[in-house]
Structure formats: structure tokens, C-alpha cells
Amino acid sequence: MDERRAYLKQLAARSARRWSTSPLPPTLAGETRIETKNTVYQLTDGVCHAVSRHEGASAGRMHPSAFVGMRLVGWLMRDDPHAGIAPEWKPGAYAVLWRPREASEKHSAVALTSSARAFRVVPRRLSSPPPLPLAVPRSTLLPRPATPSPWIPPAPPSTTRLHLGHVPPAPETPTRRVSSMPPPLPPRAQGVKPLQLRVPG
């Protein structure tokens, strides 16, 4: 194993630039997982985001959190480890994970898993459907009949009879006649002679 790790370090030093610019292989697109005897590595688009160990598994040389953020760049064949990194998994191959060098590091990081028993594509989870509506009474779904307006009975017919025949004209108001003759003198004034005034000539 130490020999393989030394070989990986030399390979990473030569291939770091190519690994950083190579496109994502179609086999690594989406959610995938690498399963070994003791550990499960979960990846998204080839990048490890979670590592879990089986119950009762012995601790490895590296802490599981050290693999988080590393990228799967290929597989190292168990029967021919010096043949280079293969792009496709085969039963028993070792997964090669790599992370570019950080500002505080001198070299990029490379890691090797134990023999992988399986490499699986995790189907995407369908979004949960919206909740079903609550049961609605049938009466609320049917259209309600229009509320009739209150009935008001008509007024009874009038008992007053109208005679539409000949209507007599209204009586005329007597008009007071004014005489142009002066009124008669009172009885005392009838025997008095008119006063005659003489005017000197």
C-alpha cells in the first residue's frame, strides 16, 4: 500500500494540471457512491461530500472528513497498480481522489480508498408531491340557490268610485259693480242752497 501511495504522489505531481482542467466524465455526473468493506463515500458530480463507516468497522489511516471535498479522478487497478489510472470502475479497483493545492500547502492532496466492492449511481429523489386538499363537504361545492327577495302583497283596491262623466262648473264669484254717478246727498243737505260768491269786477 505504501508503494502505491508513493506512486500516486508522483502521478499527482505530473497530472495535477490535467486533472484540474479535465471535464466531468458522464459516469460521475449526478449522485454516486463508492462502497468498500468498511466505508461508503457519497459524491455529487464526482466530488465527495460525505463519508460514513459501517457499524463496527475499524478506523482507517485517514479520518473520514479528510476525503470531503476531494474529487474522484479515476481508478487504480488492483491487479496492475502501475498501469496508470483507469476512467472506469472494475470490481476490486481502488478509487483515486484528488484535491488541488491550497494556498498554505506545497502540494496537492491525493488519497486512495481500499478495494471498492461497488460503484453505484444514486437515483435522484423526486420532490414530494403537494399535500392533498382536505375533505370538503359536498354542500360547499354545489352552487347555492339565490335567496329570493321578500314578497310584499299588493295594496287592496280603493273603494272610492270616480265618476268620469259631466262635471258641473264651479260657481262664479259675484263681481261688485261700481257706479259712475255720485252718491246722493244726505237729507239735511237737500234744502241748502248753494253758496254764491261775488267777485268784484
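The shown structure was predicted, so the numbers you read here are calculated from the model rather than taken from an experiment.

Criteria and thresholds
- Residues numbered from 1 in each chain as written.
- Predicted model: local features only at pLDDT ≥ 70, side-chain atom pairs only at ≥ 80, totals over all residues.
- Heavy atoms only, no water.
- Helix = DSSP H or I, 4+ residues; strand = E, 2+ residues; numbered from the N terminus.
- Buried < 20%, exposed > 50% of the residue type's maximum accessible area, 1.4 Å probe, protein only.
- Contact = heavy atoms within 4.5 Å.
- Areas by Shrake-Rupley, 256 points an atom, 1.4 Å probe, with all protein chains shown as cover.
- Salt bridge = Lys/Arg side-chain N within 4 Å of Asp/Glu carboxyl O.
- pLDDT = per-residue confidence, 0-100.
- Phe/Tyr/Trp six-rings, centres within 6.5 Å; stacked < 30°, edge-to-face > 60°.

A. Focus on the overall build of the protein chain. From N to C terminus, the protein chain includes two helices and eight strands. Starting at the N terminus and ending at the C terminus, the protein chain contains elements arranged as α-β-β-β-β-β-β-β-β-α. Burial analysis of the protein chain (201 residues in total) assigns 24% to the buried set. Within the protein chain, counting contacts between residues at least 6 apart in sequence, those at least 24 apart form 47% of the total. Of the roughly 17,300 Å² of accessible surface on the protein chain, a fraction of 58% belongs to carbon and sulfur atoms.

B. Region of interest: the pattern of salt bridges. All told, the structure shown has three salt bridges when counted by the stated rule. Between Glu35 and Arg120 there is a salt bridge; the shortest N-O distance is 3.0 Å. Of this pair, Glu35 sits in strand 1 (residues 31-35) while Arg120 sits in strand 8 (residues 118-121), placing them 85 residues apart in sequence. Here Arg120 falls in the partly exposed class, since its relative accessible area comes to 44%. Of the charged contacts in the structure, one is a salt bridge between Glu102 and Arg99, with a shortest N-O distance of 3.2 Å. With a relative accessible area of 41%, Glu102 lands in the partly exposed category. Residues joined in a network through salt bridges with shared partners are Arg33, Glu35 and Arg120.

C. Just the confidence of the model for the protein chain, in detail. Per-residue pLDDT for the protein chain has a mean of 77; in total, 62% of the residues score no lower than 70. The lowest-confidence element of the protein chain is helix 2 (residues 138-141), averaging 57 in pLDDT; the highest-confidence one is strand 1, averaging 96.

D. A look at the packing of aromatic side chains. Counted according to the given criterion, the structure contains four aromatic pairs. Here the aromatic rings of Trp19 and Trp98 are separated by 5.7 Å at their centres, their planes lie at 70°, and the arrangement is edge-to-face. Here the residue Trp19 occupies a position in helix 1 (residues 2-21), and Trp98 occupies one in strand 6 (residues 94-99), the gap between them amounting to 79 residues. For the pair Trp19 and Trp98, one class covers both residues: buried. Pairing Trp75 with Trp89 gives two aromatic rings, centres 6.5 Å apart and planes at 65°, and the pair type is edge-to-face. Of this pair, Trp75 sits in strand 4 (residues 71-76) while Trp89 sits in the loop between strand 5 (85-86) and strand 6, placing them 14 residues apart in sequence. An aromatic cluster of at least three residues, connected via ring pairs, comprises Trp75, Trp89 and Phe119.

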